[in-house]
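Each chain, letter by letter, is given below.
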Amino acid sequence: MAIIEIEALTYRYPHTSQPALRDLSLQIEPGEFVAIVGANGAGKSTLCYTLTGFVPHFFQGELSGRVYVAGLETKDHPLEDIVLVSGLVFQNPFNQISGAKFTVYDEIAFGLENLGVPREDMPARIERAMALTGITDMAERSPYALSGGQQQRVALASMLVMEPQVLVLDEPTSQLDPLGSREVFAVIRELSREGMTVVMAEHKLEWVAQFADRVLVLAGGQLVLSGPPAEVLTSPLLETYHIGQTRYTTVARRLQAENGWPAGQPLPVTLEEAEAGFRIALLK
Ligand SMILES: Nc1ncnc2c1ncn2[C@@H]1O[C@H](COP(=O)(O)OP(=O)(O)OP(=O)(O)O)[C@@H](O)[C@H]1O
Ligand SMILES: [Mg+2]
């Protein structure tokens with residue numbers, strides 16, 4: 001059975017006239033790594049909130065259709081039950097900080113205390129989460145005294161420590177430099193390989209191409225495309241939805257216009273695919 005199942009979801013925030021998500025249906029299988037792309041305002045964050053119960057429980061508003069996460073219909077279960085199975089890393093890491101704790105270590109422990117994890121099991125879990133996200137040396141610092149990128153790592157650690165079945169990440173590397181982003185994506189991919197279901201809103205298409213099993217495209221609150229990265233990220237429709245393309249696709253398209261890209265060779269979205277196409281072109 002799908003771990004996430006959405007049927008004909010339409011959702012409107014309070015005091016707004018247009019729905020932020022419209023007639024959206026979607027299934028995600030356990031262990032899938034799904035990326036959500038779309039222009040600003042397309043509904044990526046709103047879908048992330050929906051998959052973790054913040055819509056409708058925190059944001060209120062008007063929801064029709066059905067959303068099941070790990071078998072729970074979200075509108076019929078309180079947020080505190082949903083967060084046990086589906087954890088959200090917020091787009092703005094500042095929103096993740098509890099405000100109740102003075103050190104990074106205690107901040108990460110906070111979620112576990114609420115989960116009712118036995119005290120003796122906590123240190124090992126907290127240390128693993130800190131090691132995975134590269135923040136071990138920040139354990140005693142105040143969560144407020146960190147840079148945006150460091151806060152983003154803390155936000156990720158405080159979700160990982162909960163070991164949710166579904167990890168939802170809303171642009172988790174927006175404040176990180178390229179090296180930091182690479183490290184964070186590598187951790188997320190590793191967890192996905194270990195079986196965690198991952199849903200990630202992300203603008204960085206080259207990372208999406210490299211890591212995701214499937215890409216969803218949102219436009220105006222509707223799910224307009226869904227499929228493997230190589231197919232979705234080379235779709236001529238992306239331009240219509242104000243979404244860019246990877247550098248690899250850009251170069252190959254330019255060459256294609258001058259008959260410099262091998263006929264029948266799919267357009268690339270990763271470095272490896274680009275290299276394969278260039279090799280064929282050079283051998284001609
Ligand atoms: N709390 C809110 N109250 C009312 N409307 C909202 C709220 N949050 C988002 N919206 C509206 O819902 C729509 C979808 O917004 P959302 O934040 O989900 O888009 P997004 O794809 O995450 O955009 P971005 O790339 O800027 O993060 C937009 O029209 C936005 O103005
Ligand atoms: Mg957003």
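None of the values given here were measured: they were computed from a predicted structure.

Student: Hey, could you run me through the site of ligand 1 in this one?
Tutor: Close contacts around ligand 1 come from 15 residues, with Asn40, Gly41, Lys44, Ser45 and Thr46 the closest. Residue glycine 41 places a main-chain N or O atom 2.8 Å away from an oxygen atom belonging to ligand 1. Lysine 44 has a polar side-chain atom sitting 2.7 Å from an oxygen atom of ligand 1. Its residues assigned to classes, the shell around ligand 1 comprises 5 nonpolar, 8 polar and 2 charged.

Student: Explain the coordination of the magnesium ion (ligand 2) here, please?
Tutor: Coordination angles at a metal have ideal targets, namely 109.5 degrees for four tetrahedral donors and 90 or 180 degrees for six octahedral donors. Ligation of the magnesium ion (ligand 2) by protein atoms is provided by Ser45 (OG) and Gln91 (OE1), these donors lying 2.0 to 2.3 Å from the ion. On the criterion of sequence distance, the pair formed by serine 45 in helix 1 (residues 44–51) and glutamine 91 in the loop between strand 6 (86–89) and helix 4 (104–115) is long-range, its members being 46 residues apart. Using a relative accessible area of 32% as the deciding quantity, one classes glutamine 91 as partly exposed.

Student: Would you explain the packing of aromatic side chains in this entry?
Tutor: Aromatic rings considered in pairs are described by the distance between their centres and by the relative angle of their planes. Taken as a whole and assessed by the stated rule, the structure comprises 12 aromatic pairs. Judged by centre distance (6.4 Å) and plane angle (45°), the ring pair of tyrosine 49 and phenylalanine 90 falls under tilted. Placement of the pair is tyrosine 49 in helix 1 and phenylalanine 90 in the loop between strand 6 and helix 4, with a sequence separation of 41 residues. Centre to centre, the rings of phenylalanine 58 and phenylalanine 59 are 5.1 Å apart; their planes meet at 90°, and the pair counts as edge-to-face. Residue phenylalanine 59 is classed as partly exposed on the basis of its relative accessible area, which comes to 24%.

Criteria and thresholds
- Residues numbered from 1 in each chain as written.
- Chains lettered and ligands numbered in written order.
- Predicted model: local features only at pLDDT ≥ 70, side-chain atom pairs only at ≥ 80, totals over all residues.
- Heavy atoms only, no water.
- Near = heavy atom within 4 Å.
- Polar contact = N/O pair within 3.5 Å; in protein donor to acceptor, adjacent residues only side chain to side chain.
- Nonpolar A, V, L, I, M, F, W, Y, C, P; charged D, E, K, R; others polar.
- Donors = N, O, S within 2.8 Å, 3.2 Å for Na, K, Ca; no water.
- Helix = DSSP H or I, 4+ residues; strand = E, 2+ residues; numbered from the N terminus.
- Buried < 20%, exposed > 50% of the residue type's maximum accessible area, 1.4 Å probe, protein only.
- Phe/Tyr/Trp six-rings, centres within 6.5 Å; stacked < 30°, edge-to-face > 60°.

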